Structure formats: C-alpha cells, structure tokens
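If you want the building blocks of each chain, they are given just below.
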Amino acid sequence: MRAVVIRAPGGPEVLEVRELPDPPVPAGHVRVAVRYAGVNRADLLQRRGAYPSPPGAPADVPGLEYAGVVESVGEGVRSLAPGERVFGIVGGGAYAELLVVHEREAARVPEGLDDRDAAALPEAGLTAYDALFTQARLEPGERVLVHAAGSGVGTAALQLAAQAGAFVVGTSRTLEKLERCADLGLAVGVVTRGEGFAREVLEATAGRGVDVVLDLVGGAYLPETLRACAPRARVVLVGLTAGARAEIDLGLVLSRRIALRGTVLRSRPLEEKLELAAVLRDRLAPLAARRRLRPIVDRTFSLAEAPAAHAHLEGNASFGKALLEVGA
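About the criteria used
- Residues numbered from 1 in each chain as written.
- Predicted model: local features only at pLDDT ≥ 70, side-chain atom pairs only at ≥ 80, totals over all residues.
- Heavy atoms only, no water.
- Buried < 20%, exposed > 50% of the residue type's maximum accessible area, 1.4 Å probe, protein only.
- Helix = DSSP H or I, 4+ residues; strand = E, 2+ residues; numbered from the N terminus.
- Arc of directions from axis to C-beta.
- Contact = heavy atoms within 4.5 Å.
- Phe/Tyr/Trp six-rings, centres within 6.5 Å; stacked < 30°, edge-to-face > 60°.
- Lys NZ or Arg CZ within 6 Å of the ring centre and 35° of its normal.
- Core = buried A, V, L, I, M, F, W, Y, C linked by side-chain atoms within 4.5 Å.
- 1 Å grid on protein atoms, 1.4 Å probe; cavity = no way out; pocket = protein on both sides within 12 Å on 5 of 7 lines; lining within 4 Å.
- Points joined across faces, edges and corners; volume = space filled by probe spheres on them.
- Nonpolar A, V, L, I, M, F, W, Y, C, P; charged D, E, K, R; others polar.

Caption draft 1: Highlighting helix α10 (residues 306-314). Buried within α10 are the following residues: A306, A309, H310, H312 and L313. End-on, the buried residues of α10 take up no more than an arc of 160°, which puts them together on one face. On its buried face, α10 sits against β1 (2-6), β2 (15-19), β3 (29-39), α1 (41-48), β14 (297-302) and β15 (321-325). Residue N316 follows α10 closely and has a positive phi angle near 60°.

Caption draft 2: Seen up close, the packing of aromatic side chains. The tally for this structure, following the rule as stated, stands at two aromatic pairs. Look at Y129 and F133: their rings are 5.0 Å apart centre to centre, the planes differ by 45°, and that puts the pair in the tilted class. Here Y129 pairs with F133, and both are found in helix α3 (residues 122-135), just four residues apart, close to one helical turn. Aromatic pair F197 and Y221: ring centres 5.3 Å apart, planes at 45°, arrangement tilted. In this pair, F197 is assigned in the loop between β10 (188-191) and α6 (198-204) and Y221 in helix α7 (residues 221-227), connecting sequence segments 24 residues apart. When sorted by exposure, F197 lands in the same class as Y221, which is buried. For the cation-ring pair, R266 lies above Y51, with the distance from its terminal atom to the ring centre recorded as 4.7 Å.

Caption draft 3: Main features of the nonpolar core. By size, the foremost hydrophobic cluster in this structure holds 52 residues, and its most contacted members are F87, L126, L132, V144, L158, L160 and L284. For this core, the secondary structure elements donating two or more residues are β5 (85-89), α2 (115-119), α3, β8 (143-146), α4 (152-163), α5 (175-181), β11 (210-215) and α9 (270-289). When residues of this core are assigned to their parent elements, the largest contribution, seven residues, is made by α9. Excluding residues within four positions of it along the chain, L126 makes contact with I89, L121, L265, L276, V279, L280 and L284. Core analysis: the next-biggest nonpolar cluster, separate from the first, contains 35 residues, L15, L80, V86 and A94 among them.

Caption draft 4: Just empty space enclosed by the protein, in detail. Evaluation of the coordinates by the stated rule reveals two cavities of 30 Å³ or more. Considering the residues around the largest cavity, the lining is formed by 13 residues, among which A120, A124, G152, A156 and P295 are closest to the centre. Secondary structure elements with two or more residues in the lining of the largest cavity: α3 and α4. Here the element with the most residues in the lining of the largest cavity is α4; it accounts for four residues. Partitioning the lining of the largest cavity into residue classes produces seven nonpolar, four polar and two charged. Volume-wise, the second largest cavity comes out at about 50 Å³. The residue inventory of the lining of the second largest cavity, partitioned by class, reads four nonpolar, one polar and three charged.

In short, shape yes, function no, at least from these values alone.
Right, dumping it as structure tokens:
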C-alpha cells in the first residue's frame, strides 16, 4: 500500500509517500480501503515530533480520521462486511491506502452522506459534541463562546450549539471567516486582535458573560476567556494553537466558580473510543445525512500533496477541514 510517512521530525517537507506492507487483519478488526483522510493540527504536531502517536498506532504515519470501504474482515467480525462504507477516528495511520480498525470503532456511512463529507465529520464533530455536551453539559438557552470559529471543530461546534438552543459567540482573527460562520449558527462574531476580546463578548451577552467556552486556542487567550465567563461557567480546553502556557487570575476562577477542564480524543482507551464511535453512528451521522450538520470542507489534496496540505493548515487561512484524497 501507499502511505504518507514522516521521514524525520520537521516541516512539511519531511512528509513523503512510500510503499509499505499491507497491514494484517487481526480477529475482531476490519481493514478499510481509505478514500479520504482528514488533516488535523494533531498531525502537524506529530510531524514536528511534539505529539507522539498512542500505543498501537503507527509512529510515522499520521492521520486521525478517515472514510472508506471495508476491504476485508478478521476472524469473528459480524457487524461489518466487505464493501460497506465506513468512517471514524483512529490513533493514527489514516494517511494510507489501507487502515486496520476494531470493528466497533468503524461507523457505517449513512445514505445521503458522501465519502468526502464523511471524512470531514469524525474528528471535528466528535470533538465539538464531546466538549459541549459530555464535558460542559450545555443546556438550551445558555451562552456559548467558540474560539477559532472558522476551524473544522469550530464550524461543527457552531452548528451543534445553535441547534441545541444556545446563543453562540465566536472568535476569529479575520472578519471574513466570521461572516462565513453566520450561516452556521453564529449569533455574534468577535475579531480577535491579540488580547482584549472579553469586553466585546460581555457586550454581546448584555454583560452576563458566557456559560460554556470551547477553547481551541489556549495560551494568551485564556486570561481573557476567564474574564468573559459568567458565574459557574464551564471552560473546555481542546487546543493549544496559541501556546501551552498562560498566567490566569485564580481569584476570578474562585469567585465565579469557573470549571476549567482539558480534553483529548486521541489517547483515550479503547472502550471510550468505542463510545465515541457510537456517538458518531447514532447522533452525528443522522444529523449529517439530513444536512442538519454540514461538514465544512475547505480544500482537498492528493496523497502526494500531503506537504502542501500541512502548509495550508499551518498558514491559518483555511475555513473548515482540509482532506487528503487517498484512493478511488
């Protein structure tokens, strides 16, 4: 099979397509002929040597989400058969023509959802859903702040929060992205020019602040995020594009009783990943099939164009997801 391999830690140029042995199919697993793979910021970190793959995932083949067709099944598999379209998240290895996953990690792609859109849904949709509803317990009528609203996770979070009856405020570094978010459920957009966005968020919420924050940025955004919070707000940190360190006012955390928690999907144990696969299958896939949740695809690259895909994502000009077209 062909796969994109990280030759050594470094920039996009260290990605190269190689011929690798086809992976075997253990009992209880299926082998998927990958059609599309999502490109995520975790892949960029892995390429730089800053985010190693979890145990059991390839160390040098990135890729956390995919859509494709079951090519073969291992002993004991009953839920899937060759020829069925599937999609999902994995710990790594999706930048390849063949990918082996546990049969319960793979969700069927519903009718009405093509493979391209299916590949753009798992990581963004599950990250947003898990952060908003499982972690933050979002309720109808609450006020939500979504940082990096034009990202893959951001565009999914806007739609899910708005459909749940929340008032959604989003941030971006460009007005153009916020204007494009208006059709996805964004009520108020705030252009972030460095620090100082808390005042605008408070104005947008009539001085009350937000109840839930989906923070894909971290770093210097966090102190301002806390200032924009209402009493008993829940802040879920899922990304660190602005850095892994911040100096915060703990007195503010105490006085407003703010809950701050971090979350990741990639390193979770198998049973939790199987629960996520059930969410993808039972909740997100039906929404996407009815076009109530639209995966936003910014650009599609060929497998050989993986370096260009990484450079595009690092340039921060993308709106929604970037994908690799792996196979026919």
